[in-house]
Amino acid sequence: MVGARGAGRWRRAGGSATWPDGPRRRRARRTRWRRWAAAGLAALAVLLTVGALRPTPAGGSGLPTVVMVRDVAAGQRLSPDDVSVATRPDGQRPRSALSRPEMAVGRVVAAPLTVHDVVTPERLLGADLLAGQPADRVAISVPVLDPGSVGVRPGDHVDLYATGSGSRAATDVVVLAVRDAEESTGLGAGAPARVTLALDPGQATEVARGLSALQAGQSLVVAIRHGSASGQ
């Protein structure tokens, strides 16, 4: 009887004793393979995570790209402290992205830029506020009431109205820059919001006359024209 039970549990192959390939051994092998596969996948995940977190070296693959290192509002002129150069893969940068800081420094921001934004020519006005404007245009900064409430941005075409008389001071003029109002401090009243406009000589004369006639506490109201840059 003992010999019969032993014969059911093992057999001889080539003169040596081997255990039969039963369900228990197959389950054990599958368990070992699953553990090895899980360990391999875990190691691969760690490698991929470390690779993703590791910063791209300056001389690594990619193209030099000018990026913002701090927030800059529309209408401000970029300084060397505002931008830096990072390496970006070709598929992760606009084709028109600037590659050298000197291509951006000194130019005026056409729209707000934030940290890590890629700097492109489309987001800048140029070293001169009047760059691209007709030769007879002049730039005039005027105080206005809350231009942000109507979404005024550089490039918009606007009309100006005097708050006192309601008369129109300028028609279809281009906004070059926008500066938000500054809060008052203990040393004095805050500065009002202002827009810088490109005006021809006739428009400049009318706006200057309107500004000189404004009474204390009055300002100008800016109105965006239909079809201006921000509305397209």
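Remember, it's a predicted structure, so these values are computed and weren't measured experimentally.

Scoring rules and cut-offs
- Residues numbered from 1 in each chain as written.
- Predicted model: local features only at pLDDT ≥ 70, side-chain atom pairs only at ≥ 80, totals over all residues.
- Heavy atoms only, no water.
- Helix = DSSP H or I, 4+ residues; strand = E, 2+ residues; numbered from the N terminus.
- Buried < 20%, exposed > 50% of the residue type's maximum accessible area, 1.4 Å probe, protein only.
- Contact = heavy atoms within 4.5 Å.
- Areas by Shrake-Rupley, 256 points an atom, 1.4 Å probe, with all protein chains shown as cover.
- pLDDT = per-residue confidence, 0-100.
- Pairing = 2+ DSSP bridges.
- Axes fitted to C-alpha atoms, helices over the stretch in contact; angles between N-to-C directions.
- Core = buried A, V, L, I, M, F, W, Y, C linked by side-chain atoms within 4.5 Å.

It is worth spelling out the overall build of the protein chain at this point. A tally of regular secondary structure across the protein chain gives three helices and nine strands. From first element to last, N terminus to C terminus, the protein chain shows the α and β order α-β-β-α-β-β-β-β-β-β-α-β. For the protein chain, with 232 residues in total, the buried portion stands at 25%. In the protein chain, of all internal contacts separated by at least 6 residues, the share reaching a separation of at least 24 is 60%. Accessible surface, the protein chain: about 14,700 Å² in total, of which carbon and sulfur atoms supply 56%.

Atom-level detail of predicted coordinates should not be read off regions where pLDDT is low. Residues at a pLDDT of 70 or more form 71% of the protein chain, whose mean pLDDT is 75. Of the regions scoring below 50 in pLDDT, residues 184-188 engages in two contacts with residues more than four places distant in sequence or in other chains.

Let's shift gears to unusual backbone geometry. The backbone phi angle of His116 is positive, close to 80°, even though this residue is not glycine. Within the secondary structure, His116 sits in the loop between strand S4 (83-88) and strand S5 (138-143). The phi angle at Asp172 is positive, at roughly 55°, despite the residue not being glycine. In this fold, Asp172 is placed in strand S7 (residues 168-179).

Now for the environment of Pro147. Within the secondary structure, Pro147 is located in the loop between S5 and strand S6 (157-162). Here Pro147 falls in the buried class, since its relative accessible area comes to 2%. Through-space distance from the C-alpha of Pro147 to that of Ile224 is 9.5 Å; in sequence the pair is 77 residues apart. Beyond its immediate chain neighbours, meaning those up to four positions away, Pro147 contacts Val152, Val178, Ala193, Val195 and Val222.

Here we take up the sheet that holds S7. Taking strand neighbours across the sheet as the criterion, the five strands line up as S5-S8-S7-S6-S9 in an open arrangement whose pairing is antiparallel. The open sheet terminates on both sides in strands that have one partner only, identified here as S5 and strand S9 (220-224). Averaged over all adjacent pairs, the angle separating strand axes in this sheet is 45°, with direction ignored. Relative to S7, S6 runs antiparallel, the two being bridged by four bridges. Residue Tyr161 lies in a different strand from S7, and its bridge partner there is Arg168.

In this structure, Val142, Val144, Leu160, Val195, Leu197 and Leu220 are the most contacted members of the largest nonpolar core, which totals 18 residues. Listed by contribution, the elements that provide at least two residues to this core are S6, S7, strand S8 (194-199), helix H3 (201-213) and S9. Looking at this core element by element, the count peaks at five residues for S7. Once residues lying within four places of it in the same chain are set aside, the contact partners of Val142 are Leu160, Ala193, Arg194, Val195, Leu197, Val207, Leu211 and Leu220. In this structure, Leu98, Ala104, Leu113 and Val119 belong to the second largest nonpolar core, which totals 11 residues.

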